[in-house]
Structures are given as C-alpha cells and as structure tokens.
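Overview (structure and organization)
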Amino acid sequence: MANYLPEATEVPLCPVCGVSSSGLEVGTRGRFEMSVRNIACDHCALVYQSPRPTQKAMAEYYATTYRDHYSDVGYNAPGGGYAVPGDAQFEVAKDSWHQQQAANAQKLGETKAGDRVLEIGCRHGRTLSLMRDAIGIEPYGIEPGLDEAEKARAAGISCFVGTIEDYDPGELRFDQIQSFHVLEHLHDPLAALIRMRSWLKPGGRMVIEVPNVYQPYGLLEENFFQNAHLTNFSASTLRVLLARAGYTVLLTLDYGALFAVATTDEQAGELPLPFVPGLLPNANESAIWVADRLKTYQILERLRVLLLATGPTMELLNELAGTLKRPGFIPHTVNTVTEMAEYFVQQEAPRAAMFVAVAASVGPYPAEVCSRFQALALQLHAIAA
Ligand SMILES: [Zn+2]
C-alpha cells in the first residue's frame, strides 16, 4: 500500500535520559503535512517525538510511502544550485555529496590505511568505496534495503542486509564505525550505540552525523520536523547519549548538521550508565531554553519569507524588531539579520537595513555578537546618510 502513513500510538520514555516521558510541546506538525508532535524533555531538553509510531509501523512506512515521500530529495550541485532526480546535474551532485561525506569521515575519524570501517546504513556503498579508493580501508556495511545492499556488494563492500539488531560480526572488530543521518531514525539509539560499542576495537572511533536542532533547516513544522526523525539532537543531548552508552566524546561540531566523534570509554561500568544532570554539558539548556529559541527561529523564518516577498513594510519591520528581542540560535539569528540587511541595501532601502541592524544590536546575545551588529549598523548608517 503506497499511501500507508504510520500512526503515533506510543508514548516513549525520553530516548536520551530515560527519566520520564514529559516535556514542553515544541511542535505538532511535520513535513508532508503529517501530524508530528515534538516535545523538549523536562530532564535533558532532548527534542523528540511523543507520541510516536511503533517500530513495526515505521518499518511498514519505510517499506511503502517513505520512498515516494523522499524520492525527490536532491543535493547541492558543485557549480551552485540544487539538483533533484531527473536534473542533468543530479548524479554529479549526488557523487559530490558522497565525496564530502567520505572526506568528513576520514578527517574526523583520522582513518588510516588498513583500518576496518563499518558504515551503518551504507546505502549503495559509495562513501565507503571512495574511502577505500582514497586511503585503502577494509570496508563493511549494514544496509536494510536489499536493492541498495546488492549495489554495495557489487562495489566490493562486505555488506550485511538488515538492521543493527540483526547484525552479528562474530569475532570481527572495527577501527571505525560511522553513521550519517541514521541515529535520529532509531527507536532506541542508546541500545544501538551500546551494541555498536561492543563491535569496536578498544580505542576505536565512532563518527556520527545527525541533523542539528539548534540549526534547523526550513520552517520547523513544514520541513525540519519529520515523522521519520524520532529524535532531534543538539550537541548537548548527543553528548549525554554517547556518555550513557559508554563512550568518551572527543569532539562535537555544530556545522549545519551535527557531527560527533567518540571513542570507547574503557572505564565505563555497566551500561547504560544512569542519567544524572551532571552529564549535561550546559545546565542552562533546559526545555524552556530550547522551546524559546525554537519559537524565535520559527517566527524569524516566517518573517524572512514574508519580508523577501513583500519588501520592508513598517509593520513587518516592527515585528522583526520585536522578534530580535527574543533569545534565538546565534548562527541563525546572525545570518538572518545579515541577509535582511544586505537585501534591503540591494532594494535601495538602507534605512530599513539600518533599522534591523540597530534592533539586533540591543538583542539578548553575547557581547561579541552585539558588537558585530553595532558595527553593521554603523556601516549602514554611513550608506543611509
Ligand atoms: Zn530526557
């Protein structure tokens, strides 16, 4: 059935802290106009789906409607623009994405020649093939899709068809395990990380990429929140999850998407380790902290779309000034203000640009961000004069 949609029938304990199932509601809808409710956990501030579809319902969705829903996912073309299936640039764009992925995995994992590397959700094996060709790794994959797994095998990848729960490597141990945009789809990411930890050599590396809830893309309820994404990690919640699963986190990178590199913590006791608030890297990042910033993000994104469409009306500018008094995510707020100011200058409305920069310069941001906005306001004052 190609129009199967999974129903959210299960109220889980928070997948990161496991302490409770309560939190602040931060969204009720998601991509494809689906009903997707996300909450920010009262204890660890993880943004996650609750209620959510069961594992069985999601398996049915992945086997049916998911492919249609995501069939037109495209990639940034090397020469600029965005290429979707059918575009002349699509294959080139897709391969360039895999090359970037392979470069990230090698750099973050400090992968060496001869390393045994396992990729979770390796698809057709392209990232692993590129790593093998570039530095000579021994490539392994786990892929639930039969068609893709067969392509990976044809490319010389030792690929297991199935899930993390089904896979048994026997005596085999890995120097590196990597997963790109997988963890957010799992019902029990903690159990999966503990299982994968047992497949690593002591000191082996885990390289993870997931979407970053502190740097969302598009409108939250129209694009970023998706029913297939059961969790929406931040660097903080990903660190807590890895720590509880017996890893030492070497680094996290907020680079649009969120990257983490971790190694096995040989001193960790019985897993999972219990959640204690001391595991949170930053106690300020409470559920209210996250919910406030997500709200600001959503309002700013809507205003960006409106202002770019209609130009700088006084009503919209005042609303923007009001929104800039709210706490927001720093890279997003800075980018939005800068983009607005540049756009208004292009539209020969330097006073509107200056208005935005001045409003931002007195916002609730760190001092260095306020001084950047002040410098921008001064520059625009000179243009407007
Ligand atoms: Zn939690």
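A brief structural summary.

Parameters at a glance
Per chain, the residues get numbers from 1 upward, laid out in the order the sequence is written. Residue-level local features of this predicted model are given only where pLDDT is at least 70; pairs of side-chain atoms are given and counted only at 80 or more, and the full residue set underlies all totals for whole chains, interfaces and linings. Only hydrogens and water are set aside; all other atoms, that is, all heavy atoms of the structure, feed into the side-chain values. Simply put, an axis is a line fit to the C-alpha atoms, just over the touching stretch for a helix, and the angle between two N-to-C directions goes from 0 to 180 degrees. For helices the rule is a DSSP run of H or I covering at least 4 residues; for strands it is a run of E covering at least 2, with both sets numbered from the N terminus onward. The cut-offs work like this: below 35 degrees is roughly parallel, past 145 is roughly antiparallel, 65 to 115 is roughly perpendicular, and the gaps in between are oblique. In this scheme the handedness of a crossing depends on how the near helix is turned from the far one: anticlockwise by less than a right angle means left-handed, clockwise means right-handed. Contact criterion: two residues are considered in contact whenever any of their non-hydrogen atoms come within 4.5 Å of each other. Basically, the charged four are Asp, Glu, Lys and Arg, the nonpolar ten are Ala, Val, Leu, Ile, Met, Phe, Trp, Tyr, Cys and Pro, and anything else, Gly included, counts as polar. Aromatic contacts are taken between Phe, Tyr and Trp rings whose centres are within 6.5 Å, Trp giving its six-membered ring; a plane angle under 30 degrees counts as stacked, one over 60 as edge-to-face, and the others as tilted. When a residue's accessible area, from a 1.4 Å probe over protein chains only, is under 20% of the maximum for its type it is buried; when over 50% it is exposed; and in between it is partly exposed. Keep in mind that water is not among the atoms, so a site may look incomplete; donors are the N, O and S atoms within 2.8 Å of the metal, or 3.2 Å for Na, K and Ca. By the criteria applied here, four donors are tetrahedral when all angles lie between 85 and 135 degrees, four are square planar and six octahedral when opposite donors are over 155 degrees apart and every other angle lies between 65 and 115, and any other arrangement is irregular.

Here the focus is the packing of helix α10 (residues 314–323) against helix α12 (residues 350–361). Their axes nearest at 9 Å, the elements α10 and α12 cross at an angle of 20°. Between α10 and α12, the interaxial angle falls into the category roughly parallel. For the pair α10 and α12, the sense of crossing is right-handed. In contact with Met314, Leu317, Asn318, Leu320 and Ala321 of α10, α12 contributes Ala352, Phe355, Val356 and Ala359. Looking at the contact of α10 with α12 residue by residue, the classes come out as eight nonpolar, one polar and no charged.

In this section: the packing of aromatic side chains. One pair of aromatic rings is described through two measures. These are the centre distance and the angle between the planes. With the rule as written, the count across this model stands at 16 aromatic pairs. A centroid spacing of 5.2 Å and a plane angle of 85° characterise the contact between Phe32 and Tyr70, whose relative ring orientation is edge-to-face. Taken together, the positions of Phe32 in the loop between β1 (23–30) and β2 (34–41) and Tyr70 in the loop between α2 (65–69) and β4 (75–76) put the pair 38 residues apart, joining distant regions of the chain. Owing to a relative accessible area of 32%, Phe32 belongs among the partly exposed residues under this scheme. Where Tyr217 meets Phe224, the ring centres are 4.9 Å apart and the plane angle is 75°; that geometry is what we call edge-to-face. Taking relative accessible area as the criterion, Phe224 reaches 0% and is therefore assigned buried. Cluster of aromatic residues (ring-pair linked, three or more members): Phe32, Tyr61, Tyr62, Tyr66 and Tyr70.

Quick look at the coordination of the zinc ion now. Cys14 (SG), Cys17 (SG), Cys41 (SG) and Cys44 (SG) make up the full set of protein donors to the zinc ion, lying at 2.3 Å. Considering all four donor atoms around the zinc ion, angles at the metal cover 103 to 117° and the coordination shape is tetrahedral. Donor residues binding the zinc ion come from one chain and are separated in sequence as C-x2-C-x23-C-x2-C. A residue pair is termed long-range when its members are at least 10 positions apart, and Cys14 in the segment before β1 and Cys41 in strand β2 qualify at 27 residues. Using a relative accessible area of 2% as the deciding quantity, one classes Cys14 as buried. Judged by its relative accessible area of 0%, Cys41 is buried.

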